Amino acid sequence: MTNELTFFNTMSRRNEPFVPLVAGKAGLYTCGPTVYNFAHIGNFRAYMFEDLLCRVLRYFDFDVTQIMNLTDVDDKTIRDSQKAALPLKEFTAKYIKAFFEDLKTLNIVPAAQYPAATEHIPEMIALVQALIDRGYAYQAEDKSIYFSIDKFPEYGKLAHIDRENQRAGVRVKTDEYAKDSVADFALWKAWDVGDGDVKWDSPWGPGRPGWHVECSAMSMKYLGKTFDLHTGGIDNMFPHHEDEIAQSEAANGCTYVRYWLHCAHLMVNGEKMSKSLGNFFTLRDLLSKGYTGRELRWVLLGAHYRKKLNFTFDALEAGRETLRKFDDFFRRLHAAESTQPAKPEETRQLAQDAEAGFRAALADDLNVSEALAVLFGLQRDTNKLLEAGSLDAAAAAPLLEQFRQFDRVFGCLEVDAGKSEAVPAEVIALAEARQAARKAKDFAKADACRDQLKAAGYVVEDTPGGFRVKPL
RNA sequence: GGCGUGGUAGCCAAACGGUUAGGCAGCGGUCUGCAAAAUCGCAAAAAUCGGUUCGACUCCGAUCCACGCCUCCA
């Protein structure tokens, strides 16, 4: 059985066996949302990928500690809270609440902690001070503190950025005159009038932390100076993650992160979905169109995380159909009755083989497509047995259990959801009336009964053993 | 300009130097009063042009196209 997980490490640009710092444990840091608005489904592609990663790590018996930060102070958050005439905290609280609701709707397993930037200012100040003490940072004329990239020769090792070849000129903004070098980035932003009452005291005067320093300070606090995995969207690779590495390694003198995993974008009409382009859907948009979190979850799970995924409503519809078939399938499997000798040893073997294929697929840098092929393969084999009438409860049990195992990773099969569904007595009565009419060859009446059932929200299906009623 | 990714059947999407990926949709058979579900089967592919090879969707090169990062961004 394959038990060796491999991940594509952005740092080395190749697949590497995952060997954690501490055997059996995995520490993971995830760049979370900036809470000035509702997250869109492109954002959720990244959170879904991270959920998949954590679920797979757990499937392989790792004890996972996931930390996801909340960026609750930055230029846009300040700007929009001022527009809304609300204190920063009150403004972000609304979107933090919405974010957690959305995670739940998508059945994303919660992280261990969700540290907020504004709750960790002392840690950030300490980190900036360490960088100043070690000669990596300086205060400019505008009172802000900057990281001096020239002092960190390894700068660019993650993104493979060669500073010589960067386009000259484009990065210069009018307010950056104070920096020693254009590429230097802010660790601490000095307060200015536009920030209103958003400010914290520091040894360098009032201000607020720079974006990159937030993640470094919080990840170190919860996971240590060196930790296993850091994830995020590919657009965070540069400059955000590159800057995190520079700050953290300069301050600590040791490797910051051992495995970097980056998720590709969700596209819509061939362009990346983003707030700045305005071409996005929020989860709430989809819910209001009648789609479910489960259906979106299925769609987002459908492509490998390092490949761009084009979002379409067709895909959502196809996903809905697939899930419907699964619901029906599990209902039939729960009700399995044999007309021939059942063979539990055969189904146990089927389950075992599927398990092996499933693990091998996921171990290969989270190849969900192949894992899904295994899932569908087992479904097909199971259907054949059901069709042949050679499954009873005992023979079905190992199969059901295997699907439950699969769902620890997929999180949307709902294997047991239809099991205990109570069908109202009047619906049963109606179905029985239809059955009687059919026997009497009164098909007009039988069809009328079926229409009535449909109106009540049920479908009736005729099987060799009798009828079967299920919700529409 | 620099760095990078990708172009697979109607749609979505994998693996792999030679053997059916898979899903949705479609077509035909079985089952059914009709349906539905299921099942069996079928069809359909590799942007273009070269090269390497006994053999290439898979390796190499060129071309075209799309997309991303270099600026807040999952």
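For clarity, every value in this text was computed on a predicted model and none was experimentally measured.

The rules behind the values
- Residues numbered from 1 in each chain as written.
- Chains lettered and ligands numbered in written order.
- Predicted model: local features only at pLDDT ≥ 70, side-chain atom pairs only at ≥ 80, totals over all residues.
- Heavy atoms only, no water.
- Helix = DSSP H or I, 4+ residues; strand = E, 2+ residues; numbered from the N terminus.
- Buried < 20%, exposed > 50% of the residue type's maximum accessible area, 1.4 Å probe, protein only.
- Contact = heavy atoms within 4.5 Å.
- Areas by Shrake-Rupley, 256 points an atom, 1.4 Å probe, with all protein chains shown as cover.
- Lys, Arg positive; Asp, Glu negative; His and termini not counted.
- Charge placed at Lys NZ, Arg CZ, Asp CG, Glu CD.
- Pairing = 2+ DSSP bridges.
- Axes fitted to C-alpha atoms, helices over the stretch in contact; angles between N-to-C directions.
- Parallel < 35°, antiparallel > 145°, perpendicular 65-115°, else oblique.
- Nonpolar A, V, L, I, M, F, W, Y, C, P; charged D, E, K, R; others polar.
- Expected span 1.5 Å × (residues − 1).
- Core = buried A, V, L, I, M, F, W, Y, C linked by side-chain atoms within 4.5 Å.
- Polar contact = N/O pair within 3.5 Å; in protein donor to acceptor, adjacent residues only side chain to side chain.
- pLDDT = per-residue confidence, 0-100.
- Salt bridge = Lys/Arg side-chain N within 4 Å of Asp/Glu carboxyl O.
- Phe/Tyr/Trp six-rings, centres within 6.5 Å; stacked < 30°, edge-to-face > 60°.
- Lys NZ or Arg CZ within 6 Å of the ring centre and 35° of its normal.

Quick notes on the overall build of chain A
Argument step 1. Secondary structure assignment for chain A yields 14 helices and 15 strands.
Argument step 2. In terms of overall dimensions, chain A has C-alpha extents of about 95 × 50 × 35 Å along its principal axes.
Argument step 3. Going through the 472 residues of chain A one by one, you find that 51% of them count as buried.
Argument step 4. By sequence separation, contacts in chain A at least 24 residues apart represent 77% of the contacts at least 6 residues apart.
Argument step 5. With an accessible surface of roughly 21,800 Å², chain A has 51% of that area assigned to carbon and sulfur atoms.
Argument step 6. Each charge class in chain A was averaged separately, 59 positive and 68 negative side chains, and the resulting centres sit 3 Å apart.

What about the sheet that holds strand S11 (residues 266-268)?
Argument step 1. Across the sheet, which stays open at both edges, the three strands sit in the order S12-S11-S13 with mixed pairing between neighbours. Two strands close off the open sheet at either side, each with one partner strand: strand S12 (271-272) and strand S13 (309-310).
Argument step 2. Here two bridges tie S11 to S13, and the two strands are oriented parallel to one another. For leucine 266, the partnering residue across the bridge sits in S13 and is leucine 309.

Let's talk about the packing of helix H4 (residues 121-133) against helix H5 (residues 211-223)
Argument step 1. Running from amino to carboxyl end, H4 crosses H5 at an angle of 105°, the nearest separation of the two axes being 9 Å. On the basis of their axis angle, the class for H4 and H5 is roughly perpendicular. Residues Glu123, Met124, Leu127 and Val128 of H4 touch H5, and the partners they reach there are Val213, Glu214, Ser216, Ala217, Met218, Met220 and Lys221.
Argument step 2. Among the residues making up the contact of H4 with H5, the classes are represented as seven nonpolar, one polar and three charged.

What about helix H1 (residues 41-59)?
Argument step 1. Its 19 residues place the ends of H1 26 Å apart at the C-alpha level, agreeing with the 27 Å of an ideal helix rising 1.5 Å per residue.
Argument step 2. Of all 19 residues in H1, 17 are buried, a share of seventy percent or more.
Argument step 3. Once H1 finishes, aspartate 61 follows within two positions and takes phi at roughly 70°, a positive value.

Observations regarding the nonpolar core
Argument step 1. Residues Leu57, Phe406 and Phe410 are the most contacted members of the largest nonpolar core, which totals 85 residues.
Argument step 2. Looking at this core, the element that brings in the most residues is H1, giving 11 residues.
Argument step 3. Not counting the four nearest positions on each side in its chain, leucine 57 is found in contact with Leu5, Phe7, Phe18, Ala26, Leu28, Phe62, Val64 and Leu229.
Argument step 4. Among the nonpolar cores identified, the runner-up in size contains 43 residues, and Ile125, Phe152, Phe185 and Ile245 belong to it.

Looking at the side chain of histidine 262
Argument step 1. Here histidine 262 lies in strand S10 (residues 257-263).
Argument step 2. Polar side-chain contacts of histidine 262 include one of 2.8 Å to the side chain of threonine 10.
Argument step 3. Excluding anything up to four places from it in sequence, histidine 262 contacts Thr10, Leu158, Gly232, Gly233, Ile234, Met237, His241, Tyr305 and Arg306.

What about unusual backbone geometry?
Argument step 1. Here the bond from phenylalanine 238 into proline 239 is cis, since omega is 0°, no more than 30 degrees from zero.
Argument step 2. Its location among the elements puts proline 239 in helix H6 (residues 237-252).
Argument step 3. Despite not being glycine, aspartate 61 has its phi angle at roughly 70°, a positive value.
Argument step 4. Tracing the backbone shows aspartate 61 in the loop between H1 and strand S4 (63-68).
Argument step 5. Phi at lysine 143 is positive, roughly 80°, even though this residue is not glycine.
Argument step 6. Mapped onto the secondary structure, lysine 143 falls in the loop between strand S5 (137-139) and strand S6 (145-147).

Considering the confidence of the model for chain A
Argument step 1. Residues at a pLDDT of 70 or more form 96% of chain A, whose mean pLDDT is 91.
Argument step 2. This stretch, residues 168-176, has a pLDDT under 50; its non-local contacts, to residues over four places away or in other chains, come to seven contacts.

Details of the pattern of salt bridges
Argument step 1. Under the definition given, this model contains 35 salt bridges.
Argument step 2. A salt bridge links glutamate 355 to arginine 359, with the shortest nitrogen-to-oxygen separation between them at 3.4 Å. Highlighted residues: glutamate 355 and arginine 359, both in helix H10 (residues 344-363), separated by four residues, approximately one helical turn. No difference in accessibility class separates glutamate 355 from arginine 359, as the two residues are buried.
Argument step 3. Members of the salt-bridge network, linked through shared partners, are Asp328, Arg331, Arg332, Glu461, Arg468 and Lys470.

Quick word on the packing of aromatic side chains
Argument step 1. Under the counting rule described, the total for this entry stands at 36 aromatic pairs.
Argument step 2. Here phenylalanine 18 and phenylalanine 62 contribute two aromatic rings whose centre-to-centre distance is 5.3 Å and whose plane-to-plane angle is 70°, an arrangement assigned as edge-to-face. One end of the pair, phenylalanine 18, is in the loop between strand S2 (14-17) and strand S3 (25-30); the other, phenylalanine 62, is in the loop between H1 and S4, with 44 residues separating them in the sequence.
Argument step 3. Taken together, a centroid distance of 5.8 Å and an interplanar angle of 75° make the contact between phenylalanine 44 and tyrosine 47 edge-to-face. Placement of the pair is phenylalanine 44 and tyrosine 47 together in helix H1, with a separation of three residues, close to one helical turn.
Argument step 4. A relative accessible area of 7% places tyrosine 47 in the buried class.
Argument step 5. In this structure an aromatic cluster arises from ring pairing among Tyr59, Phe60, Trp298, Phe326, Phe329, Phe330, Phe358, Phe376, Phe403, Phe406 and Phe410.
Argument step 6. Directly above the aromatic system of tryptophan 191 lies the positively charged group of lysine 199, at a separation of 4.9 Å from the ring centroid.

A look at the sheet that holds S10
Backbone-to-backbone hydrogen bonds pair the strands of a sheet. The strands run either parallel or antiparallel.
Argument step 1. Pairing is parallel across the open sheet formed by four strands, whose spatial order is S4-S3-S9-S10. Where the open sheet ends on each side, the last strands, each with one partner, are S4 and S10. Strand after strand, the sheet turns through a mean of 20° between neighbouring axes, direction not considered.
Argument step 2. The pairing of S3 with S4 spans six bridges and is classified as parallel. The residue bridging leucine 28 from the neighbouring strand is glutamine 66, located in S4.
Argument step 3. Against the sheet, H5 contacts S3, S4 and strand S9 (227-233), and its axis sits at roughly 160° relative to S3.

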